[in-house]
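If you want the building blocks of each chain, they are given just below.
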Amino acid sequence: MRRQVVIIGGGPSGLLLGQLLHRAGVDTIVLERKTRDYVLGRIRAGVLERGLVALMGEAGVDTRMKADGFVHDGTLIAYDNDMFRVDFAKHTGQGVLVYGQTEVTQDLYDAREAANGDTRFGVENVVVHDADSDTPHVSFDQGGQHHRIDCDFIAGCDGFHGVSRKTIPETVRRDYEKVYPFGWLGILSETPPVNEELIYANSDRGFALCSMRNAQLSRYYIQCDASDSVDTWSDDTFWDELRRRIPASAADVLITGPSIEKSIAPLRSFVTEPMRWGRLFLCGDAAHIVPPTGAKGLNTAASDVHYLNQGLRQFYLDRNTDGLDRYSERALARVWKAERFSWWFSNLMHHYPDQSEFDKKMQLAELSLLRDSPEAQAVMALNYVGLPY
Ligand code: APR
Ligand code: PHB
C-alpha cells in the first residue's frame, strides 16, 4: 500500500490535517488505535481561538460551528469574593468561539467520511520505519493482519502517549516538562451555566472554573489534589466546594444538577524539540502539552497543523521544501508562547500546596494589576484570543 502522507492519530490534529490535505488533493491515511466512538467520547475544552475558527473554514467544516458556536467577547476573573471582566473585543477586536472539541472532532470525522477518506480504527503496533530516509514506511496490525504503508511523509498526531515522539532518538530529542502539584476535577451537568461568560476563580480553597457547552450544558472544574480520586467526590460535595470558591454573587444563582460526566485531569507543561525528524513531523499533543487553564491544547495543535499543512502543500505543489524545513522552528516559536501563557495563568489562579504568605501576596498583586491595568488586560486578551499564526 502507498500513500503520500500517513497520519498517525485520529484526534483533532490528525483529522484537521487530513481534511486540509484532502482539499489540496494530497492522498492520506489516518491510523487510529481506538474506535471512532471512543475518540468522540472524550470530554475536552471548548474554547476556539480565531486561528482555529479560520482553519475550520479553510477545511470546509465550519457550517455547524457557525450555527451552534457562540462568541465570547470576554471572561470574568474572580478573587477576594469579587469579579472583574477582561474585555477581549475591546483590546483585540476579537473574541473566542465556544464550541466543544467533541463537536470539532465530529465535524472532521463527518467530512472525512463524506470524502471517503481512508481511516483505520482499532490499529495496533504502529511502527514508523526509516523516518530519517527518503523512503519511510509505517507498519501496523489490524484484525490479525500485518500491514505496510510506503509513504512520502508521516504526521505524528498521536498525542502524548503515542509512538511518534518516541520514534525520534533520545540523542536527537530534548524534552522540557513541568508537572503541577494539583489536578482538575471536572463535572458536566445538564444545567444552565451560572454566567453567560466563563468565570476563572482564584480562592483560598483553590482554583475553580465555570464554563459551558451550550445554554443547557454546563462544565465546571475545581482544583483538587493530584492524588485525588473521583470516587471521593459526590456531586453534592463538588457543588458545595464550587460554591465556596466562587463569589457569592455567582454562588447564589448557581443551578446544580446530577453529573453526566465527572473526571480528574492532571496538569502538566511539556514540550519536545525538535518537532521534526527526517520525514516525521509531530503535531499537537504528540509534541506538547499545556495545563488547561488557558484552553490552549486544541488551539496550539491547530497552529501546528496550519504550519505543517502549508509546508506539505508547498512540497506537493512546487516541490519546494522551505515550509517543511522551517516547520519545527515556526511551530515551536508559537508553542512556547502558548506554554508561557498557560503557565502564567495557572500560576496566577491556583493555590499551591507549598505556597508561602509572600507567594500569596504576589498572586494578589498580579490579580489587582490585571484588574486595574488596561495594558495588563490587553496582554492577557491577546494571548487568550490567540496570537497570530
Ligand atoms: N496508534 C494510533 N493512534 C494512536 C496511537 C498509536 N500508537 N497513540 C495514540 N493514538 C491516538 C489516540 O487514540 C488519539 O485519538 O491518537 C489520537 C491523539 O489525539 P489527542 O490526544 O486528542 O491529541 P491531538 O489530536 O493532538 O489533539 C490535541 O485535543 O485531545 C485534546 O488535550 C488535547 O486539546 C488537545 C488536543
Ligand atoms: C472547558 O469548557 O472545558 C474549558 C474552558 C476553558 C478552559 C479550560 C476548559 O480554560
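Going by the structure above, here's the rest.
Residues numbered from 1 in each chain as written. Chains lettered and ligands numbered in written order. Predicted model: local features only at pLDDT ≥ 70, side-chain atom pairs only at ≥ 80, totals over all residues. Heavy atoms only, no water.

1. As for the site of ligand 1
Neighbouring ligand 1 are 24 residues, the closest being Ser13, Glu32, Arg42, Arg44 and Gln101. The backbone of Arg33 places a nitrogen or oxygen atom 3.2 Å from a nitrogen atom of ligand 1. Relative to its free-state accessible area of 700 Å², ligand 1 is covered by the protein chains to the extent of 90%. Those elements that place two or more of their residues in the shell around ligand 1 are α1 (12–23), β2 (28–32) and α10 (297–318). Each residue belonging to the shell around ligand 1 can be placed in one class, and the counts come to nine nonpolar, eight polar and seven charged. (Near = heavy atom within 4 Å. Polar contact = N/O pair within 3.5 Å; in protein donor to acceptor, adjacent residues only side chain to side chain. Areas by Shrake-Rupley, 256 points an atom, 1.4 Å probe, with all protein chains shown as cover. Helix = DSSP H or I, 4+ residues; strand = E, 2+ residues; numbered from the N terminus. Nonpolar A, V, L, I, M, F, W, Y, C, P; charged D, E, K, R; others polar.)

2. Side note on the packing of helix α3 (residues 50–58) against α10
Where α3 contacts α10, the axes come no closer than 9 Å and their chain directions differ by 45 degrees. Between α3 and α10, the crossing angle belongs to the class labelled oblique. Note on packing geometry: the crossing formed by α3 with α10 is left-handed. For the pair α3 and α10, contact is made by Leu52, Leu55 and Glu58 and by Leu298, Asn299, Ala302, His306, Asn309 and Arg313, respectively. Looking at the contact of α3 with α10 residue by residue, the classes come out as four nonpolar, three polar and two charged. (Axes fitted to C-alpha atoms, helices over the stretch in contact; angles between N-to-C directions. Parallel < 35°, antiparallel > 145°, perpendicular 65-115°, else oblique. Left-handed = near helix turned anticlockwise from the far one by under 90°. Contact = heavy atoms within 4.5 Å.)

3. As for the nonpolar core
In this structure, Val5, Leu16, Leu31 and Leu308 are the most contacted members of the largest nonpolar core, which totals 62 residues. Of all the elements, α10 adds the most residues to this core, at eight residues. Those residues in contact with Val5 that lie beyond four places of it in its chain are Leu21, Val26, Asp27, Thr28, Ile29, Phe153, Ala155, Leu312 and Tyr316. Grouped together as the second largest cluster of nonpolar side chains are 31 residues, Tyr180, Phe345, Met349 and Leu370 included. (Core = buried A, V, L, I, M, F, W, Y, C linked by side-chain atoms within 4.5 Å. Buried < 20%, exposed > 50% of the residue type's maximum accessible area, 1.4 Å probe, protein only.)

4. Points about the site of ligand 2
Not every one of the 14 residues close to ligand 2 is listed here, only the nearest: Tyr200, Ser211, Arg213, Tyr221 and Pro292. Residue Tyr221 places a side-chain N or O atom 2.6 Å away from an oxygen atom belonging to ligand 2. The backbone of Ala295 places a nitrogen or oxygen atom 3.4 Å from an oxygen atom of ligand 2. Relative to its unbound accessible surface of 280 Å², ligand 2 loses 99% to contact with the protein. Sorting the residues of the shell around ligand 2 by element identifies β14 (206–214) and β15 (217–225) as the ones contributing at least two each. The two domains that each donate at least three residues to the shell around ligand 2 are domain 1 (5–72 + 96–177 + 268–345) and domain 2 (180–266 + 351–385). (Domains from an automatic or database assignment.)

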